[in-house]
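# A structural walkthrough
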Amino acid sequence: MNTSTLQMTLLTLAEPNRFNIVELLKKGPRSVSEIVEALKIGQPQVSRHLRILSEAGLVRSRNKAQQRIYSLEAAPFQDLDEWFDSFSILWEERLDKFEEYMLDYQKKEDL
């Protein structure tokens, strides 16, 4: 994932209603009316947020009779997961160094 795509994803998810829509879609595909009912916000707002999420590549839709059904796109979230994992590696290295420091310090204190 390139930096601008990552930034767009994070900015898109920073809006609370869009974040809540993504949280709801984690449980499975939903129609616009189901999202409206679950989140207690108006249909025009939900549709606008879904359009933004779709333009950012975070959700996709399909038609089912007279409804649009929305679901999450996996790839952007896998990219976010990889990006967050890069921080865990950094922290593991720092904690390992801190542990070494504390062991050395303890040895000096024991002398």
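Residues numbered from 1 in each chain as written. Predicted model: local features only at pLDDT ≥ 70, side-chain atom pairs only at ≥ 80, totals over all residues. Heavy atoms only, no water.

This part takes up the side chain of Ser31. For Ser31, the position within the fold is in strand E1 (residues 30-31). Under the relative-accessibility criterion, Ser31 is labelled buried at 3%. Those residues within four positions of Ser31 in sequence are excluded, and the remaining contacts are Gln67, Arg68 and Ile69. (Helix = DSSP H or I, 4+ residues; strand = E, 2+ residues; numbered from the N terminus. Buried < 20%, exposed > 50% of the residue type's maximum accessible area, 1.4 Å probe, protein only. Contact = heavy atoms within 4.5 Å.)

Once that is clear, we can look at helix H2 (residues 16-26). Taken residue by residue, H2 has Arg18, Ile21, Val22, Leu24 and Leu25 as its buried positions. All buried residues of H2 project into a common sector of 160 degrees when viewed along the axis, lining one side. Every exposed residue of H2 that faces more than 90 degrees away from the buried side is listed here: Pro16 and Lys26. A distance of 2.7 Å separates the backbone nitrogen of Asn17 from a side-chain oxygen at the start of H2, and that oxygen is part of Glu15. Looking at the residues trailing H2, positive phi occurs at Gly28, about 140 degrees. (Arc of directions from axis to C-beta. Polar contact = N/O pair within 3.5 Å; in protein donor to acceptor, adjacent residues only side chain to side chain.)

Evaluated as defined, the whole model comprises two aromatic pairs. Taking 4.9 Å as the distance between ring centres and 85 degrees as the angle between the ring planes, the aromatic pair formed by Trp83 and Phe87 counts as edge-to-face. You can see Trp83 and its partner Phe87 sitting in helix H5 (residues 74-110), four residues apart, about one turn around the helix. Classification of Trp83 by relative accessible area gives partly exposed; the value is 31%. For Phe87, a relative accessible area of 37% puts it in the partly exposed group. Through pairs of rings, three or more aromatic residues link up here, namely Trp83, Phe84 and Phe87. (Phe/Tyr/Trp six-rings, centres within 6.5 Å; stacked < 30°, edge-to-face > 60°.)

Here we come to the packing of H2 against helix H4 (residues 43-55). Running from N to C, H2 and H4 point in directions that differ by 80 degrees, and their axes come no closer than 10 Å. Between H2 and H4, the crossing angle belongs to the class labelled roughly perpendicular. Residue-level contacts link Asn17, Arg18, Ile21 and Val22 of H2 to Val46, His49, Leu50, Ile52 and Leu53 of H4. Looking at side-chain class alone, the contact of H2 with H4 contains six nonpolar, two polar and one charged residues. (Axes fitted to C-alpha atoms, helices over the stretch in contact; angles between N-to-C directions. Parallel < 35°, antiparallel > 145°, perpendicular 65-115°, else oblique. Nonpolar A, V, L, I, M, F, W, Y, C, P; charged D, E, K, R; others polar.)

Everything listed here is a matter of geometry and, on its own, says nothing about what the molecule does.
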